[in-house]
Amino acid sequence: MTTELSLACTYMFLLRVSSLTSSDDKTSSKGCENSKAPADTSFEAGSGTDGVHIDNQSQGTEEATQPDTDEVKPDTQSEAVPSGEAVSFKLVYNKTKYDIEFPLDGTVKQLKEHLSSIINVLPAMQKVMIKGLAKDEKTLRELGVTRGSKVMVVGSKLDDVVNVNTPKSESSSSEKPSITITPKEPLSRQKLHRKILDKGMPEDAMPGIKNSKDVLPSYPLSGMVNKHGGKVRLTFKLELDQLWIGTKERTEKINMNHIRQIVSEAIEGYEQYHIMGLQLGPTEASRYWIYWVPAQYVDAIRETVLGKW
């Protein structure tokens, strides 16, 4: 009896120990699973966050890059020579001929920019001659340029102009050839000019038109006089880039880039005519005075000689 009771107690004790051990294992297992779960969750969340962040960066980079490309394209196109039908013509500059091909709808201004690298003359220094002085806003089509046409360009290279216009060192501080000094009294009232004007308008003076601007005619300007009262004729030799001043005694051939400045003023009482001074040297004393210049040609003379700036 005692032995059976002892075996029963031992059996109950082993069942109790086994039950406790199984419970501890499950608890431990659950604890491990619970401790692992946050790590896995944090890892997955981290991975998801990183993935979204990278995608946003790549999209942002593409979006930032694309507008830059779009912004550059219009600038490049605006500077390009117009496309379309082109024409081949002969260009003559400084006695040298060039074969040029350029769009008919291109303007004279664009043609000058195109030619600047070919003839090494800045666009502002060029004068394009197509049946007279061509205006910058005109197209080759409007000017009637066709295949084989002859287009003439006159103008001085920048180095030549700088060499001519650089004053001597001893007078550079006091001389400013680019600035026009307006006299205190009108030119017409100054004694120097009054003695010529008092002789009256020449009988052969060309008709003058007040408040008008015309292009230079194809023939010389005549019917004017100089400070000595002698007859003067102006001939514009654009193919040579020269101005010829003809008198009864001789003809002076002056390179246009040697003319520093042109001043003019309407004659009082005869506003359809001007007094004009061509400054040939560094000082005002070098001005060559011409009287009874038709007013409608004054601006054209200035543009032809000095160019547009």
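If you're wondering where the values come from, they're calculated on a predicted model, not measured in any experiment.

**Topic: the overall build of the protein**
Within the protein, the secondary structure is distributed over five helices and 11 strands. Looking at the 309 residues of the protein, the share that counts as buried comes to 32%. Restricting to contacts in the protein with at least 6 residues of sequence separation, those with at least 24 account for 55%. A total of about 20,100 Å² of accessible surface is found on the protein, and carbon and sulfur atoms cover 52% of it.

**Some words on the side chain of Thr-139**
With respect to the helices, strands and loops of the structure, Thr-139 is situated in the loop between β3 (127-129) and β4 (150-154). Contacts of Thr-139, omitting those with residues within four sequence positions, involve Leu-104, Asp-105, Gly-106 and Thr-107.

**Observations regarding helix α5 (residues 298-306)**
For α5, the set of buried residues is Val-298, Ala-300, Ile-301, Thr-304 and Val-305. All buried residues of α5 project into a common sector of 165 degrees when viewed along the axis, lining one side. Taken together, the buried residues of α5 touch β3, β5 (221-226), β6 (231-237), β9 (261-267), β10 (270-279) and β11 (287-294).

**Here's the deal with the side chain of Arg-287**
Examined against the element boundaries, Arg-287 turns out to sit in strand β11. Glu-284 is the oppositely charged side chain nearest to the buried, salt-bridge-free Arg-287, at an N-O distance of 4.0 Å. Within the local environment of Arg-287, its side chain forms a polar contact with the side chain of Gln-279, the two groups lying 3.1 Å apart.

**So, the pattern of salt bridges**
In this structure the tally under the stated criterion is 11 salt bridges. Asp-99 serves as the salt-bridge partner of Lys-90, at 2.5 Å between the closest nitrogen and oxygen. Asp-204 serves as the salt-bridge partner of Lys-231, at 2.8 Å between the closest nitrogen and oxygen. On the criterion of sequence distance, the pair formed by Lys-231 in strand β6 and Asp-204 in the loop between α4 (191-197) and β5 is long-range, its members being 27 residues apart.

**Examining the sheet that holds β3**
Taken in spatial order, the four strands of this open sheet run β2-β1-β4-β3, and their pairing is mixed. If you trace the sheet from one side to the other, it starts and ends with β2 (96-103) and β3, each paired once. When the angles between neighbouring strand axes are averaged without regard to direction, this sheet yields 30 degrees. Docked against the sheet, helix α2 (residues 108-119) engages β1 (86-93), β2, β3 and β4, running at close to 135 degrees with respect to β2.

**A closer look at α2**
Here α2 spans 15 Å end to end across 12 residues, near enough to the 16 Å set by a 1.5 Å rise per residue. Within α2, burial applies to Val-108, Leu-111, Lys-112, Leu-115 and Ile-119. The arc that holds the buried residues of α2, viewed along the axis, is 100 degrees, so those residues lie on one side. In the core, the buried residues of α2 are packed alongside β1, β2, β3 and β4. Once α2 finishes, Asn-120 follows within two positions and takes phi at roughly 60 degrees, a positive value.

**Brief notes about the pairing of β5**
Of all the six residues making up β5, five are buried; the element is thus mostly covered by neighbouring parts of the structure. Where β5 and β6 come together, three bridges link them in antiparallel fashion. Each residue of the ladder has a partner; that of Val-225, found in β6, is Lys-231. What sits between β5 and β6 in their antiparallel hairpin is a turn of four residues, with Gly-229 showing a positive phi close to 85 degrees. Sheet topology note: the β5/β11 ladder contains two bridges and is antiparallel. Bridge pairing in β11 places Asn-226 opposite Ile-290.

**Observations concerning the environment of Ile-290**
For Ile-290, the location among the structural elements is in strand β11. A relative accessible area of 0% places Ile-290 in the buried class. Here the alpha-carbon distance between Ile-290 and Asn-226, two residues 64 residues apart in the chain, equals 4.7 Å. Setting aside anything within four residues of it in sequence, one finds Ile-290 in contact with Met-224, Val-225, Val-232, Leu-234, His-274, Ile-275, Met-276 and Leu-278.

**Describing the sheet that holds strand β8 (residues 251-255)**
Pairing within the open sheet is antiparallel, and its seven strands lie in the order β8-β7-β6-β5-β11-β10-β9. The open sheet has two free edges, formed respectively by β8 and β9, since each of these has just one partner strand. Going across the sheet, the axis of each strand differs from the next one's by a mean of 30 degrees, ignoring polarity. Of the pairings in the sheet, the one linking β6 to strand β7 (residues 242-246) comprises five bridges and is antiparallel in character. Pairing of Thr-235 across the sheet is with Trp-244, part of β7. Lying on the sheet, α5 is in contact with β5, β6, β9, β10 and β11; it crosses β9 at an angle near 175 degrees.

Calculation notes
Residues numbered from 1 in each chain as written. Predicted model: local features only at pLDDT ≥ 70, side-chain atom pairs only at ≥ 80, totals over all residues. Heavy atoms only, no water. Helix = DSSP H or I, 4+ residues; strand = E, 2+ residues; numbered from the N terminus. Buried < 20%, exposed > 50% of the residue type's maximum accessible area, 1.4 Å probe, protein only. Contact = heavy atoms within 4.5 Å. Areas by Shrake-Rupley, 256 points an atom, 1.4 Å probe, with all protein chains shown as cover. Arc of directions from axis to C-beta. Lys, Arg positive; Asp, Glu negative; His and termini not counted. Salt bridge = Lys/Arg side-chain N within 4 Å of Asp/Glu carboxyl O. Polar contact = N/O pair within 3.5 Å; in protein donor to acceptor, adjacent residues only side chain to side chain. Pairing = 2+ DSSP bridges. Axes fitted to C-alpha atoms, helices over the stretch in contact; angles between N-to-C directions. Expected span 1.5 Å × (residues − 1).

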